[in-house]
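# Notes for the structure review
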Amino acid sequence: AGRRLQRALFSWLRDNGFVQLDDSDPCIFYKDCADGERLLIGLYVDNLQIVHSVSLNADGRGPDGCAYNSLMDALSRDWEVVDEGPMEDLLGIEVQRNADGSITLHQAKYIARLVAEFLPDGPSNKVQRNTLPYSDAFLPRVNAALSQSACEYPDLVRPMQRRLGCLLYAATSTRCDIVYAVNQLCQCMHKPTPDVMREVDHLLAYLSRHAAVGLTYS
């Protein structure tokens, strides 16, 4: 169903003058208008994120005759849509608008959910704000896990996979500071040990201490 909807939306956008970025991201469309106005649309299943170059009033409308108004009118005519206003979050990624006009993308709420699920007793007091995403024993623990000829702790495989799957989403979305640690831990996903699981808990605690860190775009 999602694929059929995507095909229909892609066709609709092209029919309305939008160009697809098929060389880099086929889910992004743009339209440059003769008066200098520009529209960009990101599409995820049935969610549209619209980036525009006009100022909107309290009713969410741009200046009379602008391309943004025409797009919204056409969407309302041909589809059942809800305008949720300025984007606050998307797929667990929050949008923070800063006073200097920049935008910060972070995952504080997503991280809070991970900590609540995987560290029900709270993050370790040993992991403070000046701590790295991994302990001093990180590499020896990873190497010891990889040196196993066979998985000695099969009961830890599924818990390890669940945690790393969640951490991978953070690492690839907004948290480039944990990419190295997550990459190393993923190599142990099929042969985890209690020490490696401690490193996962350390990483979760680190994220808890720095939950609002993100990517800022000027």
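Structural data are supplied above this passage.
Residue positions are given per chain, counted from 1 along the sequence in the order it is written. Owing to the predicted nature of the model, reporting of local features is limited to residues with pLDDT of at least 70; listing and counting of side-chain atom pairs is limited to 80 or more, with chain, interface and lining totals taken over all residues. As a convention, hydrogens and water are excluded, and side-chain values are obtained from all of the structure's heavy atoms.

In this description, a line fitted to the C-alpha atoms serves as the axis of each element, helices being fitted only across the stretch in contact, and the angle between N-to-C directions of two axes falls anywhere from 0 to 180 degrees. Helix and strand definitions follow DSSP, with helices as H or I runs of at least four residues and strands as E runs of at least two, each counted in order from the N terminus. Their axes nearest at 11 Å, the elements helix α5 (residues 157-173) and helix α7 (residues 194-209) cross at an angle of 30°. In this view, α5 runs roughly parallel relative to α7, as classed from their interaxial angle. Relative to α7, the crossing made by α5 is left-handed. Across the interface between the two elements, P159, M160, R163 and L167 from α5 touch V196, M197, V200, D201, L203, L204 and L207 from α7. Among the residues making up the contact of α5 with α7, the classes are represented as 9 nonpolar, no polar and 2 charged. Any angle that falls under 35 degrees is termed roughly parallel, while one over 145 is termed roughly antiparallel, one within 65 to 115 roughly perpendicular, and all others oblique. When the near helix sits turned anticlockwise from the far one by under a right angle, the crossing is termed left-handed; a clockwise turn instead gives a right-handed crossing. It only takes one pair of heavy atoms within 4.5 Å for two residues to be counted as in contact. Amino acids are sorted into nonpolar (Ala, Val, Leu, Ile, Met, Phe, Trp, Tyr, Cys and Pro), charged (Asp, Glu, Lys and Arg) and polar (every other residue, Gly among them).

Let us now look at the environment of Q96. Tracing the backbone through its elements, the reader meets Q96 in strand β6 (residues 93-97). Exposure classes here rest on a 1.4 Å probe applied to the protein chains alone. A residue is buried below 20% of its type maximum, exposed above 50%, and partly exposed in between. A relative accessible area of 35% means that Q96 is categorised as partly exposed. Spatially, the C-alpha atom of Q96 lies 9.0 Å from that of T216, the residues being 120 residues apart in sequence. At 2.8 Å, the side chain of Q96 and the side chain of N98 are in polar contact. For this analysis, a polar contact is any N or O atom pair within 3.5 Å, provided that within protein one partner can donate a hydrogen and the other can accept it, and provided that sequence-adjacent residues contribute only side-chain to side-chain pairs.

What follows is about the packing of aromatic side chains. How two aromatic rings sit relative to each other is given by the distance of their centres and the angle of their planes. Stacked, tilted and edge-to-face are the three classes assigned to paired rings of Phe, Tyr and Trp, where Trp is represented by its six-membered ring and a pair needs centres within 6.5 Å; plane angles under 30 degrees give stacked, over 60 edge-to-face, the rest tilted. Tallied over the full model, the rule gives 5 aromatic pairs. With a centroid separation of 5.5 Å and an interplanar angle of 70°, the aromatic rings of Y110 and Y169 are classed as edge-to-face. You can see Y110 sitting in helix α3 (residues 108-118) and its partner Y169 sitting in helix α5, a full 59 residues away along the chain.

Time to look at the sheet that holds strand β2 (residues 25-32). Spatial ordering of the open sheet is given by β1-β2-β3-β4, a layout of 4 strands whose pairing is antiparallel. What marks the edges here is a single partner per strand, and that holds for β1 (19-21) and β4 (47-52). Pairwise comparison of adjacent strand axes, ignoring direction, gives a mean angle of 25° for this sheet. As defined by bridge partners, β1 adjoins β2 across 3 bridges and the pair is classed as antiparallel. Across the sheet, residue Q20 finds its bridge partner in β2, namely F29. Where helix α1 (residues 2-15) meets the sheet, its contacts fall on β1, β2 and β3 (38-44), and the angle it forms with β2 comes to roughly 20°. Strand pairing is assigned whenever DSSP identifies at least 2 bridges connecting the two strands.

A few words on helix α6 (residues 179-186). For α6, every residue scored as buried is listed here: A181, V182, Q184 and L185. Projected down its long axis, α6 shows its buried positions confined to an angular sector of 165°, all on one face. Where α6 is buried, its residues touch α4 (138-146), α5 and α7. Taking the helix axis as origin, the arc is that swept by the directions to the C-beta atoms.

The next thing to look at is α1. To estimate how far a helix should reach, multiply one less than its number of residues by 1.5 Å. For α1, with 14 residues, the first-to-last C-alpha span of 20 Å sits near the 20 Å given by 1.5 Å per residue. Those residues of α1 lying buried are L9, F10, W12 and L13. Each buried residue of α1 sits inside an arc of 165° when the element is viewed along its axis, so together they form one side. Across from the buried face of α1, at angles greater than 90 degrees, the exposed residues are R3, R4, R7 and D15. Elements in contact with the buried residues of α1: β1, β2, β3 and α2 (67-78). Looking at the residues trailing α1, positive phi occurs at G17, about 90°.

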